[in-house]
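Breakdown of the fold
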Amino acid sequence: MDTGSARRTGVALTEKQRIAWLRLIRSDNVGPSTFRDLINHYGSAEAALAMLQELSQRGGSTRAIRIADERDALRELEAAHRFGARFVGIGEPDYPPALREIDGAPPLLAVKGNMPTATRPAIGMVGSRNSSISGAKFTAMIARLCGEAGYAVVSGLARGIDTAAHRASLATGTIAAMAGGLDQPYPPENISLLNEIWDGNGLAVSEMPFGWEPRARDFPRRNRLIAGISLGVVVVEAATRSGSLITARLAGEFGRLVFAVPGSPLDPRCEGTNGLLKDGAMIVTTPNDVVEALRPLAEPDLFHPRPPEAPVERRKPLSTPPDDAERDHIVEALGPTPVEIDDIARHTGLPISAVHSVLLELDMAGRLHRHPGGLVSISMLD
């Protein structure tokens, strides 16, 4: 595979846009999907920022929401610069091409290290923190061969399998997806490994703010990065309640290949991987099994930025807001049961732009819940 042939496509943000994007994603009730909808609807991050309070009030919120201050955004950009890192936007050439295709892709990634690694085809590798010697050894064999075949190896910097995958691919290129800020690595014993990664051919990525210490609920978000960046995910030694199975599930939802290494039925560390095989994961008994399965997916043009999916800045908003009667009609059609957005438009007979506008209002008020597959529901007011 000619890794140098991969096309870097996209449009660079101006510094003014980057500041506005950072402010928007750091504001209350703005997640990746909301961020995309706001920019697509209002034309720019600056225009969206100006509407956040009004949207929240229309959605039924009785308190003001926190909007990230420009000074806070500048401080974070300066912190990244001092740290030797930078922020890459979803539409920019250095953003991982496979990641930008998933639902709810991070609008901005903090990155540090060898940037060409970000745009290479990648394979994720995850597994037990308390790995066996044979599990770590086989992980290293797979990672080494995949690296030699031109793939970046993505993992989560955890103990055990993650560590083995990163170390085996230091020379060829590895990506560490982090649950906290780039300056808050976890676990502490892998700080030296992280330094080796970003000082060499590797890269560290995070969607969290600088200074953010990782919490338990942040690790599934980290797992989403691993699955999203990768063409497939290899699971080695995962217990039945392992976070690695979350990564495998997300990979399946994203349309990625899911590989599992079989293990002894007597070893609790293998119950999860053996379960994945029962559910249809691809079996891996030699490192070449992974490389051969990935080969058809490794074309440099497989992933393209799709303008309708990525936030696109324009001069004018998409539409005027709906009136009170239309708003009430849309809210009355919603409830705690998830529904498709197109079904809301059909049920109410209102334009899809009006539906999106009201959903943004509910989102900014903290009442909208987004579900897999683009479904939405709302919290009912007392």
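Before any of the text, the structure's been laid out above.
Summarised in this report is the structure supplied together with it. (Residues numbered from 1 in each chain as written. Predicted model: local features only at pLDDT ≥ 70, side-chain atom pairs only at ≥ 80, totals over all residues. Heavy atoms only, no water.)

1. Some points on helix H10 (residues 271-278)
Along H10, the positions that sit buried rather than exposed are Gly272, Thr273, Asn274 and Leu276. Buried residues along H10 sit against strand E7 (232-236), helix H9 (243-253) and strand E8 (257-261). Just downstream of H10, Gly280 is the residue with a positive phi angle, here 110 degrees. (Buried < 20%, exposed > 50% of the residue type's maximum accessible area, 1.4 Å probe, protein only. Helix = DSSP H or I, 4+ residues; strand = E, 2+ residues; numbered from the N terminus. Contact = heavy atoms within 4.5 Å.)

2. A word on unusual backbone geometry
Of note, the amide linkage connecting Tyr186 to Pro187 takes the cis form, showing an omega dihedral of 0 degrees. Relative to the elements of secondary structure, Pro187 occurs in the loop between strand E5 (174-177) and helix H7 (191-199). At Asn29, a position not held by glycine, the phi torsion is positive, near 65 degrees. When you line up the elements, Asn29 lands in the loop between helix H1 (15-25) and helix H2 (32-42).

3. With respect to the nonpolar core
Among the nonpolar cores identified, the biggest contains 73 residues, and Trp21, Leu24, Leu38, Phe87 and Val205 are the most heavily contacted of them. Each of domain 1 (15-83) and domain 2 (99-298) gives at least three residues to this core. Beyond its immediate stretch of four places on either side in the chain, Leu24 contacts Val30, Phe35, Leu38, Ile39, Ala45, Ala48, Leu49 and Leu52. (Core = buried A, V, L, I, M, F, W, Y, C linked by side-chain atoms within 4.5 Å. Domains from an automatic or database assignment.)

4. Here we look at the packing of helix H5 (residues 133-148) against helix H11 (residues 287-294)
Packed helices, taken two at a time, are described by the angle their axes make and the gap between the axes. Between H5 and H11, whose axes approach to 8 Å, the crossing angle comes to 35 degrees. Crossing of H5 over H11 shows right-handed handedness. Touching Phe138, Met141, Ile142, Leu145 and Cys146 of H5 are Pro287, Asn288, Val290 and Val291, all from H11. Residues belonging to the contact of H5 with H11 are distributed by class as follows: eight nonpolar, one polar and no charged. (Axes fitted to C-alpha atoms, helices over the stretch in contact; angles between N-to-C directions. Left-handed = near helix turned anticlockwise from the far one by under 90°. Nonpolar A, V, L, I, M, F, W, Y, C, P; charged D, E, K, R; others polar.)

5. Points about the side chain of Arg18
Inspection of the secondary structure assignment puts Arg18 in helix H1. Beyond its immediate stretch of four places on either side in the chain, Arg18 contacts Leu13, Leu77, Phe87, Val88, Gly89, Glu92 and Leu108.

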